Amino acid sequence: MTTPAHEPDALDLGLPDAVRAPGLPEEVRIHEVGPRDGLQNEGALVPVGVKAEFIARLAATGLRTVEATSFVHPKWVPQLADAEELVPRLAELPERHPGLRLPVLVPNERGLDRALAHHATDIAVFASATETFARRNLNRSADEAMAMFRPVVERATAAGVRVRGYLSMCFGDPWEGAVPAEQVVGFGVRLLEMGCTELSLGDTIGVATPGQVTALLDAFTAAGVPVGALAVHFHDTYGQALSNTLAALRSGVTTVDASAGGLGGCPYAKSATGNLATEDLVWMLHGLGIRTGVDLRALVTTSGWMAGQLGRPSPSRTVQALLGADGG
């Protein structure tokens, strides 16, 4: 019996067909958050060996920024309690993949001490644009959180460590509703003035729409913040993550957060669904002729493997299309 020939998929056929659109960047840096922001929301603990392999596979796809873990107290995020064990397993990756950055999230000075002890070169702090989320997520007011982050950023900067600032609830809050743009800009500017070299604007519950994205980015520009210092972090709760990303690209943003396989959500905001899937983002960017340096097929294979480890299908539409409906 003759074995049927493999039916070519979209990538085999040279798709997506790259067509440049005016007003878009030539290159986008993807800030991969799956190993940290994705896995922290898992109900079951993922073995440290699986995490290490996941990060190694992601680095091999061409991603050059992979957020590895968080040095937060295990009581608050037990899924990342193995940070001390995980980070040494990643030590050789930057040598194998020149230019690779492996940021870690730190919540306070104690977290910074742990990160520095493991020779971190990139860290991130996580602030809130709203009062209610700050109290629920950080157990303190938004202003108190800023005061807590200041010595973290200053010490890290003095040690030659790059600091990214995350700002959550930038487009809407599940308790407070709409968030004024000037409020978001005010907190964002404070993080940048502390010494953060990049500010990621988070749509934590996925309620943003393209016009709102453009308006907020315009507000930052009006406040004197260069668009090159801004990144965007969209959740796909209402199916708007890609359209919001395109709006951000048209405003000049060139750094986009995404999570392999669409992993993640937010453990402190139950209405938040998964992050923008990295594969879906790459499909769109490559279709627009925008360089990412990412091998899409290798990325899809990696996310399919991770879906198998988690025992459930990947929510990424691109993973499902290229690997089959189960996305694994």
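Above this text is the structure in question.
Residues numbered from 1 in each chain as written. Predicted model: local features only at pLDDT ≥ 70, side-chain atom pairs only at ≥ 80, totals over all residues. Heavy atoms only, no water.

1. Notes on the overall build of the chain
Step number 1: A count of helical and extended segments in the chain gives 13 helices and eight strands.
Step number 2: In the chain, which comprises 328 residues, the share counted as buried stands at 55%.
Step number 3: Taking the contacts inside the chain whose residues are at least 6 apart along the sequence as the reference set, 75% of them involve residues at least 24 apart.
Step number 4: For the chain, the exposed surface amounts to about 13,700 Å²; the carbon and sulfur share of it is 54%.
Step number 5: Separation between the mean location of the 26 positive side-chain charges and that of the 36 negative ones in the chain comes to 4 Å. (Helix = DSSP H or I, 4+ residues; strand = E, 2+ residues; numbered from the N terminus. Buried < 20%, exposed > 50% of the residue type's maximum accessible area, 1.4 Å probe, protein only. Contact = heavy atoms within 4.5 Å. Areas by Shrake-Rupley, 256 points an atom, 1.4 Å probe, with all protein chains shown as cover. Lys, Arg positive; Asp, Glu negative; His and termini not counted. Charge placed at Lys NZ, Arg CZ, Asp CG, Glu CD.)

2. Section: the nonpolar core
Step number 1: Formed by 94 residues in total, the largest nonpolar core has its most connected members in Ile 30, Ile 123, Leu 167, Leu 191 and Phe 220.
Step number 2: In terms of nonpolar packing, the next biggest core, distinct from the first, is built from eight residues, Leu 105, Phe 133, Met 169 and Ile 205 among them. (Core = buried A, V, L, I, M, F, W, Y, C linked by side-chain atoms within 4.5 Å.)

3. Looking at helix H2 (residues 48-60)
Step number 1: For H2, with 13 residues, the first-to-last C-alpha span of 18 Å sits near the 18 Å given by 1.5 Å per residue.
Step number 2: Within the span of H2, buried status applies to Val 48, Val 50, Lys 51, Ala 52, Phe 54, Ile 55, Ala 56, Leu 58 and Ala 59.
Step number 3: Buried-residue contacts for H2 involve strand E1 (29-32), helix H1 (34-38), helix H3 (83-89), helix H4 (93-96) and helix H12 (296-310).
Step number 4: Just beyond H2, the residue with positive phi is Gly 62, at close to 110°. (Expected span 1.5 Å × (residues − 1).)

4. Quick word on the pattern of salt bridges
Step number 1: Scanning all chains against the criterion turns up 21 salt bridges.
Step number 2: In this structure, the salt-bridge partner of Arg 150 is Glu 154, at a minimum N-O distance of 3.8 Å. One end of the pair, Arg 150, and the other, Glu 154, are both in helix H7 (residues 142-158), four residues apart, so they sit about a helical turn from each other. (Salt bridge = Lys/Arg side-chain N within 4 Å of Asp/Glu carboxyl O.)

5. Digging into the packing of aromatic side chains
Step number 1: Throughout the structure, instances matching the rule amount to three aromatic pairs.
Step number 2: Between Phe 126 and Tyr 166 the ring centres are 5.7 Å apart and the planes differ by 35°, which places this aromatic pair in the tilted class. Residue Phe 126 is located in strand E4 (residues 122-128), and its partner Tyr 166 is located in strand E5 (residues 162-168); the two are separated by 40 residues in the primary sequence.
Step number 3: The buried category is assigned to Tyr 166, whose relative accessible area is 3%.
Step number 4: Sitting over the face of the ring of Tyr 166, Arg 36 holds its NZ or CZ atom 5.5 Å from the ring centroid. (Phe/Tyr/Trp six-rings, centres within 6.5 Å; stacked < 30°, edge-to-face > 60°. Lys NZ or Arg CZ within 6 Å of the ring centre and 35° of its normal.)

6. With respect to unusual backbone geometry
Step number 1: Cis geometry is found at the peptide bond from Leu 15 to Pro 16, where omega equals 0°.
Step number 2: Structurally, the position occupied by Pro 16 is in the segment before E1.
Step number 3: With phi around 60°, His 119 is a residue other than glycine that occupies positive phi space.
Step number 4: Along the chain, the position of His 119 falls in the loop between helix H5 (109-117) and E4.

7. Some thoughts on the side chain of His 31
Step number 1: With respect to the helices, strands and loops of the structure, His 31 is situated in strand E1.
Step number 2: Not counting chain neighbours up to four residues away, the residues in contact with His 31 comprise Thr 65, Glu 67, Pro 103, Arg 164, Tyr 166, Glu 198, Thr 255, Val 256, Asp 257 and Ala 258.

8. Quick notes on the packing of helix H9 (residues 210-222) against helix H10 (residues 241-250)
Step number 1: Orientation of H9 relative to H10, taken along the N-to-C sense of each, is 35°, at an axis distance of 8 Å. When the axes of H9 and H10 are compared, the crossing they make is right-handed. Counted together, Pro 210, Val 213, Thr 214 and Leu 217 of H9 and Ser 243, Asn 244, Ala 247 and Ala 248 of H10 form the full contact between these two elements.
Step number 2: Residue composition of the contact of H9 with H10, grouped by class: five nonpolar, three polar and no charged. (Axes fitted to C-alpha atoms, helices over the stretch in contact; angles between N-to-C directions. Left-handed = near helix turned anticlockwise from the far one by under 90°. Nonpolar A, V, L, I, M, F, W, Y, C, P; charged D, E, K, R; others polar.)

9. Quick look at the pairing of E5
Step number 1: Burial runs high along E5: six of the seven residues are buried.
Step number 2: Sheet analysis places E4 next to E5, joined by seven bridges and oriented parallel. Of the residues in E5, the one forming a bridge with Asp 122 is Arg 162.
Step number 3: Pairing analysis gives four bridges linking E5 to strand E6 (residues 198-203), with the strands arranged parallel. The partner of Arg 164 across the bridge, within E6, is Glu 198.
Step number 4: For the crossover from E5 across helix H8 (residues 181-194) to E6, the handedness is right-handed. (Pairing = 2+ DSSP bridges. Right-handed = clockwise from strand over helix to strand, strands pointing away.)

10. Some thoughts on the environment of Asn 275
Step number 1: As for its placement among the helices and strands, Asn 275 is situated in the loop between strand E8 (255-258) and helix H11 (278-287).
Step number 2: Note: C-alpha distance between Asn 275 and Ser 316 (41 residues apart in sequence) is 9.8 Å.
Step number 3: Separated by 2.8 Å, the side chains of Asn 275 and His 235 make a polar contact.
Step number 4: A polar contact is formed between the side chain of Asn 275 and the backbone oxygen of Leu 263, at a distance of 3.0 Å. (Polar contact = N/O pair within 3.5 Å; in protein donor to acceptor, adjacent residues only side chain to side chain.)

11. A few points about the packing of H10 against H11
Step number 1: Their axes nearest at 11 Å, the elements H10 and H11 cross at an angle of 45°. By the angle between their axes, H10 is oblique relative to H11. Handedness of the H10/H11 crossing: right-handed. In this structure, H10 uses Leu 242, Thr 245, Leu 246 and Leu 249 to contact H11, whose residues at the interface are Asp 280, Leu 281, Met 284 and Leu 285.
Step number 2: Here the contact of H10 with H11 is built from residues that sort into six nonpolar, one polar and one charged. (Parallel < 35°, antiparallel > 145°, perpendicular 65-115°, else oblique.)

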